[in-house]
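Examining the three-dimensional arrangement
Spelled out from the first residue to the last, the chains are:
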Amino acid sequence: MTKILFFIGAVICLPLYGFLSITNLDPVTGFFSSSTALTVLFYAVLFLIPVSMILFSTVLQKKLSFSISNSKVLSILSFIIGGIMLASGAMHLVQLIYVIRQILAMSEVAVLPSGMLLSIIQIPMAALSGIVFLRLGIGYLRENITNRGSFTFVFPLIWALINCVEMFQQYPQIAGMPERTLYLLCLLSFTLFLMGQTRILSDVDFKKGVRWINAFGLCTALFGLTMTIGELVAFSSMSLPLFDAILAFSFSLYCLAFSFNTSSNPQ
């Protein structure tokens, strides 16, 4: 049922957001230019479908099974995500070095901006998370996940949480910005998906992990694909950084591939 809801949401949200991105999106501010019936419909579906998917997967669906049947696809996507995480860490490192050089060049004593403190933490987290996904990609390729039960799966979870906090800090009025709202929802869903994936790969509360990856994995895919399709359709007015769009698209495909390994068992 959750997969059916996902397809319904995708069929409605992807073309509708693409249309709104062309006709009703301010390319300068990133806000919708006006509130129309289609805008209300878009937000209503974007709220009701994910809530329904979470409800069916975590509460109503009694028996779910999980088995990896597309390991090669997951391997490729894991390598891509690992590479993007490493690139993210490198970008934050370059930014941090630039800020430090500016501070050192000032005559008076200065301190790092509060936002840079998160970047300092994010740099090693991005590197460790990238390594985790690269190693996971090798495990999928060999059909043998060697680091099962490892605490290292926590690193991508921390990295995703830091990204969510950074989004709140950078865009306090994010609720009115559809692209960044979708990106934030994608990050939040991906964070919760990672909690489910960690449970599965670490052999801790397997049943709960399966429910979480089914619910939040499909939510990640819905939010991420809706946002990135809209970005492609309205590329000339894109206000979100291209790197973030690539990141969301990669998360969406990975979560979609991982979540489709779940199935419902007969009662």
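Our subject is the structure listed above.
Residues numbered from 1 in each chain as written. Predicted model: local features only at pLDDT ≥ 70, side-chain atom pairs only at ≥ 80, totals over all residues. Heavy atoms only, no water.

1. A short note on the overall build of the protein
A count of helices and strands for the protein gives eight helices and two strands. Shown N-terminal to C-terminal, the secondary structure of the protein runs as helices and strands in the order α-α-β-α-α-α-α-α-α-β. Counting every position in the protein, which comprises 267 residues, the buried fraction comes to 50%. Across the protein, contacts joining residues at least 24 apart in sequence account for 79% of those joining residues at least 6 apart. (Helix = DSSP H or I, 4+ residues; strand = E, 2+ residues; numbered from the N terminus. Buried < 20%, exposed > 50% of the residue type's maximum accessible area, 1.4 Å probe, protein only. Contact = heavy atoms within 4.5 Å.)

2. Topic: the packing of helix H1 (residues 2-23) against helix H2 (residues 37-60)
The geometry of H1 relative to H2 is characterised by a closest axis approach of 10 Å and an angle of 160° between their N-to-C directions. Classified by the interaxial angle, the pair formed by H1 and H2 is roughly antiparallel. The hand of the H1/H2 crossing is left-handed. Two secondary-structure elements touch here, H1 through Thr 2, Leu 5, Phe 6, Ile 8, Gly 9, Ile 12, Cys 13, Leu 16, Tyr 17, Phe 19 and Leu 20 and H2 through Leu 38, Thr 39, Leu 41, Phe 42, Val 45, Leu 46, Ile 49, Ser 52, Met 53, Phe 56 and Ser 57. The residue makeup of the contact of H1 with H2, split by class, is 17 nonpolar, five polar and no charged. (Axes fitted to C-alpha atoms, helices over the stretch in contact; angles between N-to-C directions. Parallel < 35°, antiparallel > 145°, perpendicular 65-115°, else oblique. Left-handed = near helix turned anticlockwise from the far one by under 90°. Nonpolar A, V, L, I, M, F, W, Y, C, P; charged D, E, K, R; others polar.)

3. Topic: helix H8 (residues 242-259)
Taking 1.5 Å per residue as the helical rise, H8 with its 18 residues ought to reach 26 Å, and the 26 Å between its terminal C-alpha atoms agrees with that figure. All buried positions along H8 are accounted for by Asp 244, Ala 245, Leu 247, Ala 248, Ser 250, Phe 251, Ser 252, Tyr 254, Cys 255, Ala 257, Phe 258 and Ser 259. (Expected span 1.5 Å × (residues − 1).)

4. Examining the packing of helix H3 (residues 71-105) against H8
Closest axis-to-axis distance for the H3/H8 pair is 10 Å, and the angle between their directions is 150°. When the axis of H3 is compared with that of H8, the two are roughly antiparallel. Read as a crossing pair, H3 and H8 show a hand that is left-handed. For the pair H3 and H8, the contacting residues are Val 73, Leu 74, Leu 77, Ser 78, Ile 80, Ile 81, Ile 84, Met 85, Ala 87, Ser 88 and Met 91 in the first and Phe 243, Ile 246, Leu 247, Ser 250, Phe 251, Leu 253, Tyr 254, Ala 257 and Phe 258 in the second. Its residues assigned to classes, the contact of H3 with H8 comprises 17 nonpolar, three polar and no charged.

5. Details of the nonpolar core
Counting 68 residues, the largest nonpolar core has Phe 193, Tyr 254 and Phe 258 as its most contacted members. If you tally residues by element for this core, the top one is helix H7 (residues 206-233), at 12 residues. Core analysis: the next-biggest nonpolar cluster, separate from the first, contains five residues, Leu 96, Ile 103, Met 116 and Ile 123 among them. (Core = buried A, V, L, I, M, F, W, Y, C linked by side-chain atoms within 4.5 Å.)

6. Digging into the side chain of Thr 228
If you trace the backbone, Thr 228 turns up in helix H7. Separated by 2.8 Å, the side chain of Thr 228 and the backbone oxygen of Gly 224 make a polar contact. Here Leu 225 takes part through its backbone oxygen, which lies 3.3 Å from a polar atom of the side chain of Thr 228. Sequence-distant contacts of Thr 228, defined by excluding residues within four places in its chain, comprise Ala 245, Ala 248 and Phe 249. (Polar contact = N/O pair within 3.5 Å; in protein donor to acceptor, adjacent residues only side chain to side chain.)

7. Considering the layout of surface pockets
Approximately 470 Å³ is the volume attributed to the largest pocket. As for the largest pocket, its lining consists of 21 residues, of which His 92, Asn 163, Glu 166, Gln 170 and Asp 244 are closest to the centre. Secondary-structure elements contributing two or more residues to the lining of the largest pocket are H3, helix H4 (114-142), helix H5 (154-170), helix H6 (178-201) and H8. For the lining of the largest pocket, the element with the most residues is H5, which contributes five residues. Of the residues contributing to the lining of the largest pocket, the split by class is 10 nonpolar, eight polar and three charged. Lining the second largest pocket we find 15 residues, and of these Leu 46, Phe 47, Pro 50, Leu 185 and Phe 223 sit closest to its centre. When residues of the lining of the second largest pocket are traced back to their parent elements, those giving at least two are H2, H6 and H7. Sort the elements by how many residues they give to the lining of the second largest pocket and H2 lands first, with six residues. (1 Å grid on protein atoms, 1.4 Å probe; cavity = no way out; pocket = protein on both sides within 12 Å on 5 of 7 lines; lining within 4 Å. Points joined across faces, edges and corners; volume = space filled by probe spheres on them.)

8. Topic: H1
Helix length check: H1 (22 residues) gives 31 Å between terminal C-alpha atoms against 32 Å at 1.5 Å per residue, within 8%. Buried within H1 are the following residues: Thr 2, Leu 5, Phe 6, Gly 9, Ala 10, Cys 13, Leu 14, Leu 16, Tyr 17, Gly 18, Leu 20 and Ser 21.

9. Observations regarding a nonpolar patch on the surface
A contiguous nonpolar patch, built from Met 1, Ile 4, Ile 8, Val 11 and Ile 12 and spanning about 450 Å² of accessible area, is present on the exposed surface. Within the secondary structure, Ile 4 sits in helix H1. (Patch = residues over 30% accessible without salt bridge, like charges linked within 9 Å, V, L, I, M, F, W, Y side chains within 5 Å. Areas by Shrake-Rupley, 256 points an atom, 1.4 Å probe, with all protein chains shown as cover. Salt bridge = Lys/Arg side-chain N within 4 Å of Asp/Glu carboxyl O.)

10. Some remarks on the side chain of Ser 252
By the element assignment, Ser 252 lies in helix H8. Polar side-chain contacts of Ser 252 include one of 3.5 Å to the backbone oxygen of Thr 220. Leaving out residues up to four positions away in the same chain, Ser 252 has contacts with Cys 186, Thr 220, Ala 221, Gly 224 and Leu 225.

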